[in-house]
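The chain contents come next:
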Amino acid sequence: MGAPVVRRLKPRVQVYPNLRAETAALARHIAAFARKCVRERGVFHFVLSGGRTPKALYRLLARRYRETFPWQATQVFFGDERCVTPSDPESNYAMARAALLSHVPIPLSQVHRLPGEVRPLSKAAASYASLIGPLPTRRGSASVRFDLVLLGLGSDGHLASLFPGASALRERRRTVVAVPHAGQPPYVPRLTLTVPALCSAREVCFLVSGEEKAAAVAASLGAPHAGDRRLPANLIRGVQATVWFLDRGAAVSLLRPSWTS
Ligand code: 6PG
């Protein structure tokens, strides 16, 4: 008797007129989900994304949800980090701290940054993996470690620091690995959660904006590429839901009649 087949839930795609509407909808969604998780289990395990796109979302969460979001019961993690110091302008932690974490009442002890400054990289990855702990083993249902993982998408289709075709995409045992050579700027070594770690989330939410991402979005969501396992997004599914928040620019290829026919 083989392992139980865990249904691969199709991603839900939501297209908004612009980044402002997109981030407002995602902020509302995350806040409601966080409150639900805290009601049901007393905690919300939230994995933040890096890059530029989420800044507007983080600022909105800090401004509009400072009082109504369950920050005291939230544990924050990071999906990936550039291997620089935490105060470096390229640091994802520095960006999230400036846009969100220093403006909301989350205890610093509940913010778990990836130690990008630690060397060797293998030691940095192992220390974060031990912080996350082993993924719960599957017992008839997919294992859950995080409640919500937020991801962006690079114009090449990478997410976190998992680049198309990279060997890190094939990692199925470890939860955190070092990526010595980034496939897109900044060209610094990275630390990243792996596919099994990202897939151990109840929900995976993608936040993608801009026409320069349209081809990567279509390739990641498009039928012809659905089986293309070199594309990271084809490997990432939340246990309960995978939702793409797109603005019109990022969705332009999806909205073309050829794709929707
Ligand atoms: C990083 C991010 C990365 C990001 C994409 C999109 O460390 O750079 O985690 O995966 O989400 O590169 O970045 P932008 O939002 O800046 O386009």
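Small disclaimer: the values here were computed from a predicted structure and weren't measured.

### Description of the overall build of the chain
Part 1: Looking only at helices and strands, the chain has 7 helices and 9 strands in total.
Part 2: Put simply, of all contacts in the chain between residues at least 6 apart along the chain, 77% involve residues at least 24 apart.
Part 3: Side-chain charges of the chain comprise 36 positive and 16 negative groups, with the mean position of each set lying 5 Å from the other.

### Section: the site of the ligand
Part 1: Taken together, 16 residues lie around the ligand, and Arg52, Thr53, Asp80, Ala160 and Lys213 are the ones closest in.
Part 2: Taking Thr53, its side chain carries an N or O atom lying 2.6 Å from an oxygen atom of the ligand.
Part 3: Contacts to the ligand include Asp80, whose side-chain N or O atom sits 2.6 Å from an oxygen atom.
Part 4: Contact with the protein chains hides 94% of the accessible area of the ligand, taken as 420 Å² for the molecule alone.
Part 5: Judged by the fraction of its atoms near the pocket grid, the ligand is located in the largest pocket.
Part 6: For the shell around the ligand, the residue count by class is 3 nonpolar, 8 polar and 5 charged.

### A few points about the sheet that holds strand β4 (residues 80-82)
Part 1: The sheet built from 3 strands is open, its strands ordered β4-β7-β6 with antiparallel pairing. Strands at the two margins of the open sheet, each flanked by one partner only, are β4 and β6 (176-179). Taking each pair of neighbouring strands and ignoring which way they run, the sheet shows an average axis angle of 15°.
Part 2: Sheet topology places β6 next to strand β7 (residues 190-193); 4 bridges connect them, and they run antiparallel. Following the sheet pairing, Ala178 is matched in β7 by Leu191.
Part 3: Across the face of the sheet, helix α4 (residues 121-132) comes into contact with β6 and β7 while running at roughly 160° to β6.

### Considerations on the pairing of strand β3 (residues 74-78)
Part 1: Where burial is concerned, most of β3 is hidden: 4 out of the 5 residues are buried.
Part 2: With 5 bridges connecting them, strand β2 (residues 44-48) and β3 associate as parallel partners. The partner of Phe44 across the bridge, within β3, is Thr74.

### Describing a positive patch on the surface
Part 1: Together, Arg20, Arg28, Arg63 and Arg64 line one region of the surface with positive charge.
Part 2: With respect to the helices and strands, the residue Arg28 is situated in helix α1 (residues 19-41).

### Considering the side chain of Thr74
Part 1: Tracing the chain through its elements places Thr74 in strand β3.
Part 2: Residue classification places Thr74 among the buried residues on the basis of a relative accessible area of 0%.
Part 3: If we skip the residues at most four places from it in the chain, Thr74 touches Phe44, Phe46, Phe69, Ile106 and Gln110.

### Examining the layout of surface pockets
Part 1: The calculated volume of the largest pocket comes to roughly 580 Å³.
Part 2: If you trace the largest pocket, you find 31 residues lining it, with Gly50, Gly51, Arg52, Arg82 and Pro185 closest to the centre.
Part 3: Taken together, the residues that form the lining of the largest pocket break down as 11 nonpolar, 12 polar and 8 charged.

### Remarks on the packing of α1 against helix α2 (residues 54-64)
Part 1: The geometry of α1 relative to α2 is characterised by a closest axis approach of 9 Å and an angle of 55° between their N-to-C directions. Put simply, α1 runs oblique to α2. Considering only the axes of α1 and α2, their crossing is right-handed. Residue-level inspection shows Leu19, Thr23, Ala24, Leu26, Ala27 and Ile30 of α1 in contact with α2, the latter providing Ala56, Leu57, Leu60, Leu61 and Arg64.
Part 2: Looking at the contact of α1 with α2 residue by residue, the class counts come to 9 nonpolar, 1 polar and 1 charged.

Cut-off values and rules
- Within each chain, residues carry numbers counting from 1 in the order of the written sequence.
- The predicted nature of this model means local features are confined to residues of pLDDT at least 70 and side-chain atom pairs, given and counted, to a pLDDT of 80 or more, with totals for whole chains, interfaces and linings taken over all residues.
- The side-chain numbers reported here are obtained from all heavy atoms of the structure, hydrogens and water having been left aside.
- Strands are runs of DSSP state E lasting at least 2 residues, helices are runs of H or I lasting at least 4, and numbering of each runs from the N terminus.
- A contact between two residues is defined here by any heavy atoms of the two lying within 4.5 Å.
- Just so you know, the count uses Lys and Arg for positive and Asp and Glu for negative, and it drops His and the chain ends.
- Lysine's charge is taken at NZ, arginine's at CZ, aspartate's at CG and glutamate's at CD.
- Residues are counted as near a molecule or strand when any one of their heavy atoms sits within 4 Å of it.
- Polar contact is the term for a pair of N or O atoms within 3.5 Å; when the atoms are in protein, one must be able to donate a hydrogen and the other to accept it, and sequence-neighboring residues count only if both atoms are side-chain atoms.
- Methods summary: accessible areas were calculated by the Shrake-Rupley approach with a probe of 1.4 Å, and residue burial reflects only the protein chains presented.
- Cavity means a closed set of points on a 1 Å grid over the protein atoms alone, one where a 1.4 Å probe fits but cannot get out, pocket means an open set with protein on both sides within 12 Å along at least 5 of 7 lines, and lining means a residue has an atom within 4 Å of a point.
- Whether a molecule sits in a cavity or pocket is decided by its atoms, more than half of which must lie within 2 Å of the grid points.
- Residue type decides the class: Asp, Glu, Lys and Arg count as charged, Ala, Val, Leu, Ile, Met, Phe, Trp, Tyr, Cys and Pro as nonpolar, and the leftover types, Gly among them, as polar.
- Two strands make a pair as long as DSSP finds a minimum of two bridges between them.
- Lines are fitted to the C-alpha atoms to define the axes, a helix being fitted only along its stretch in contact, and any angle between axes, read from their N-to-C directions, falls within 0 to 180 degrees.
- Burial classification: accessible surface area is computed with a 1.4 Å probe over protein chains only, and a residue below 20% of its type maximum counts as buried, one above 50% as exposed, and the rest as partly exposed.
- Grouping into patches uses exposed residues only, defined as over 30% relative accessible area, and leaves out salt-bridged ones; the cut-off is 9 Å for like charges and 5 Å for nonpolar side chains (Val, Leu, Ile, Met, Phe, Trp, Tyr).
- The salt bridge definition used is simple: a Lys or Arg side-chain nitrogen within 4 Å of an Asp or Glu carboxyl oxygen.
- Grid points are joined across faces, edges and corners, and a volume is the space filled by probe spheres set on the points.
- Between 65 and 115 degrees an angle is taken as roughly perpendicular, under 35 as roughly parallel, over 145 as roughly antiparallel, and anywhere else as oblique.
- Left-handed is the label given to a crossing in which the near helix is rotated counterclockwise from the far helix by less than a right angle, and right-handed is the label when the rotation is clockwise.

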